[in-house]
Amino acid sequence: MDKEELQDIWKRLLADYGMVLVLLALIAFFSIMTISEEEAKGKAAATELLTQINGEGQEQSVLILSNIGPDDLEMSASLAEKLRMAGHEVLAIVNADPPSVARQLRQLQEEGKAIDFIATTKNIAHWGVIQKASAKYSVAAEASIIQPSSGKFPRFLKRDNLRNIADRISVIAILAIGMTLVIITAGIDLSVGSLIALAAVSVSLFIQQMGADAAGGGALFMASVMAILLCGLMGFFSGALSTTFKITPFIATLAMMMIARGLAYKFSNVTTIPVNNEAFAVLGKGRFAGVPVSVIIMSLLYAGAWFLMHWTTFGRRIYAIGGNLEAARLSGVPVNKVLLWVYTICGLLAGLGGVITASNLAGGAATYGDYYELYTIAAVVVGGTSLMGGQGKIMGTLIGAFIIAVIQSGMNQLGIESNTQKIVFGLVIIGAIVSDKYKRKEITTSQLLFLLVGIGSAALAVYFFLQSIYPENFS
């Protein structure tokens, strides 16, 4: 294999899997940057505590103390079960505050009990009531305070954080499917964020009219479908403005963005419309086999979109329109009809995203979906879809959505405030667009380097200039 063949293979690998490598690099970066002292959690903590207790022999009397977080509750429940199975005595389980712990110690003392172990977490072990327990309460005079051991572990890879990324990514990723179709046709849809708000408010109002918290499955389904269809209709109007009246997609969807947001405010009367229906909450908060329901829906939609774009005439027509609209028209592609469907699909998916958001947040408000159109466009562009149209992959968009979620979560873990995060996302979008132009050979390597150095220098100059004027905002 000669040098040119190796170069071709390397270029193909970068083209096909480059964004996956970027995603893995970001995960590795944020994992390293968030390494800190962490103690064992949940069932792992329970197993470790049981080992410590078993080391002191049989039939030990144990008081279990924990907070009310999911990991702590899991730890206390699991430890209690393991202790009973091992023949130890669980005196009590306290998942509360210091006064509750003091009351429990007094009660055990009045009952004439003796505590061998106080099994708890690192945080609770430092409470004053625990530190002084042996001196203040005779019941704890001989008690040993034990806690799970700690070690170095990246906060970014903790289960709760990964679960939050999955929950956060689903709505953006669903929106990004429709946005990918639109951008491949060389269009844009700025209304998706506002449609999130409109769908969330609409489905909440529909549910209120159909029985509110007592509404059954059929009513919830109808309410969700009507909200989604309403957003699909808004998407259809965007497409009609672009095709029938030849208004550029940017202006047409900008107008629709303002109309949808205004309708959401009108319908909600500038208040949050609550929905505390447990069945409705399953869509946004439920889990199936440990996987969020919204993530399952997202995965099914991506599988369907991938099939649509690769194996159907409709998908090929979308690429043809984005590649060369006039050529597509002359070759018999019903351009207007395809564009109408593309914008309608984008609206329908935004409506679905709004329904999931309302389910997750237990209600609808006109403020939902702010900046979602920007995050969605960022995910699509970062995923490799060209803003010039004609190029893009559905699975690339999914990777792009994960990249956006990983960057956002990583910055949250590092304590970077929201305004700085917006600057970073702006730079990410610029970087993705410049990368696209470089791949299209619209700019040379020297121009690329000049642009990167220029942007970096300008960013630093603006940063230090603002720091000198508003030092209190940079402390």
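Our subject is the structure that appears above.
Just so it is clear, the structure is predicted and the values come from calculations on it, not from any experiment.

**Here we look at the packing of aromatic side chains**
Then, number 1: Taken as a whole and judged by the stated rule, the model has 3 aromatic pairs.
Then, number 2: Taking the centre distance of 5.2 Å and the plane angle of 70 degrees together, the rings of Phe29 and Phe30 count as edge-to-face.
Then, number 3: Judged by relative accessible area, which is 42%, Phe29 ranks as partly exposed.
Then, number 4: Aromatic ring contacts, followed pair by pair, group Phe29, Phe30 and Phe156 into a single cluster.

**A few points about the pattern of salt bridges**
Then, number 1: If you walk through the whole model with that rule in mind, you get 3 salt bridges.
Then, number 2: Arg329 is the partner of Glu326 in a salt bridge, and the nearest nitrogen-oxygen pair spans 3.6 Å. One end of the pair, Glu326, and the other, Arg329, are both in helix 15 (residues 325–330), 3 residues apart, so they sit about a helical turn from each other.
Then, number 3: Relative accessible area serves as the criterion here: at 34%, Arg329 is assigned to the partly exposed category.

**Notes on the nonpolar core**
Then, number 1: Counting residues in each nonpolar core, the largest one holds 88 residues, and the members touching the most others are Val203, Ile207, Phe280, Met298, Tyr302 and Ile318.
Then, number 2: Looking at this core, the element that brings in the most residues is helix 8 (residues 159–184), giving 14 residues.
Then, number 3: Excluding residues that lie within four positions of it along the chain, Met298 makes contacts with Ile169, Ser170, Ala173, Ile174 and Leu398.
Then, number 4: Ranked by size, the runner-up nonpolar core spans 20 residues in total, among them Leu105, Leu108, Val129 and Ile130.

**Describing the sheet that holds strand 4 (residues 117–119)**
Then, number 1: Strand order in this open sheet of 4 strands is 3-2-4-5, and the pairing throughout is parallel. The sheet is open, and its two borders are formed by strand 3 (89–95) and strand 5 (144–146), each paired with just one other strand. Sheet twist, expressed as the average angle between the axes of neighbouring strands with direction ignored, equals 20 degrees.
Then, number 2: Where strand 2 (residues 61–66) lies against strand 3, 6 bridges are found, and the strand directions are parallel. Following the sheet pairing, Val62 is matched in strand 3 by Val90.
Then, number 3: This element, helix 3 (residues 70–85), spans strand 2, strand 3 and strand 4 of the sheet and lies at about 170 degrees to strand 2.
Then, number 4: In the packing of helix 4 (residues 98–110) onto the sheet, the strands contacted are strand 2 and strand 3, and the crossing angle to strand 3 comes to about 155 degrees.

**Here's the deal with the pairing of strand 2**
Then, number 1: Extensive coverage of strand 2 is indicated by the burial of 6 of its 6 residues.
Then, number 2: Residues Ser61, Leu63 and Leu65 of strand 2 are buried on one face, and the alternating residues Val62, Ile64 and Ser66, pointing to the opposite face, are buried as well.
Then, number 3: Where strand 2 and strand 4 come together, 3 bridges link them in parallel fashion. Bridge assignment links Ile64 to a residue of strand 4, and that residue is Ala119.

**Quick notes on the side chain of Gln408**
Then, number 1: By the element assignment, Gln408 lies in helix 18 (residues 394–413).
Then, number 2: The contacts of Gln408, once residues within four sequence positions are left out, are Arg168, Tyr375, Gln421 and Phe425.

**Some points on helix 4**
Then, number 1: The end-to-end C-alpha distance of helix 4 is 19 Å, a good match for the 18 Å that 13 residues give at a rise of 1.5 Å each.
Then, number 2: Within the sequence span of helix 4, burial applies to Ser100, Val101, Ala102, Gln104, Leu105 and Leu108.
Then, number 3: Buried positions along helix 4 lie against strand 2, strand 3, helix 6 (128–131) and helix 7 (133–136).
Then, number 4: At the C-terminal side of helix 4, Gly112 shows a positive phi close to 75 degrees.

**Things to note about the state of the cysteines**
What we call a disulfide is simply a covalent bond connecting the sulfur atoms of a pair of cysteines.
Then, number 1: Scanning the entire structure with this criterion turns up 0 disulfides.
Then, number 2: Just so you know, Cys231 is unpaired, no disulfide at all, and the nearest cysteine sulfur is the one on Cys346, 11 Å from it.
Then, number 3: For Cys346, a relative accessible area of 1% gives the class buried.

**Focus: the environment of Met19**
Then, number 1: Structurally, Met19 can be placed in helix 1 (residues 3–33).
Then, number 2: Judged by its relative accessible area of 28%, Met19 falls in the partly exposed class.
Then, number 3: Sequence separation of Met19 and Thr445 is 426 residues, and the distance between their C-alpha atoms is 20 Å.
Then, number 4: Discounting chain neighbours no more than four positions away, the residues touching Met19 are Val382, Ile399 and Ile403.

**Some points on unusual backbone geometry**
Then, number 1: Phi is positive for Asn269, which is not a glycine, with a value near 55 degrees.
Then, number 2: Along the polypeptide, Asn269 turns up in the loop between helix 11 (249–268) and strand 7 (273–274).
Then, number 3: Despite not being glycine, Tyr371 has its phi angle at roughly 70 degrees, a positive value.
Then, number 4: Look at Tyr371 and you get partly exposed, because its relative accessible area is 41%.

Parameters and conventions
Residues numbered from 1 in each chain as written. Predicted model: local features only at pLDDT ≥ 70, side-chain atom pairs only at ≥ 80, totals over all residues. Heavy atoms only, no water. Phe/Tyr/Trp six-rings, centres within 6.5 Å; stacked < 30°, edge-to-face > 60°. Buried < 20%, exposed > 50% of the residue type's maximum accessible area, 1.4 Å probe, protein only. Salt bridge = Lys/Arg side-chain N within 4 Å of Asp/Glu carboxyl O. Helix = DSSP H or I, 4+ residues; strand = E, 2+ residues; numbered from the N terminus. Core = buried A, V, L, I, M, F, W, Y, C linked by side-chain atoms within 4.5 Å. Contact = heavy atoms within 4.5 Å. Pairing = 2+ DSSP bridges. Axes fitted to C-alpha atoms, helices over the stretch in contact; angles between N-to-C directions. Expected span 1.5 Å × (residues − 1). Disulfide = S-S within 2.5 Å.

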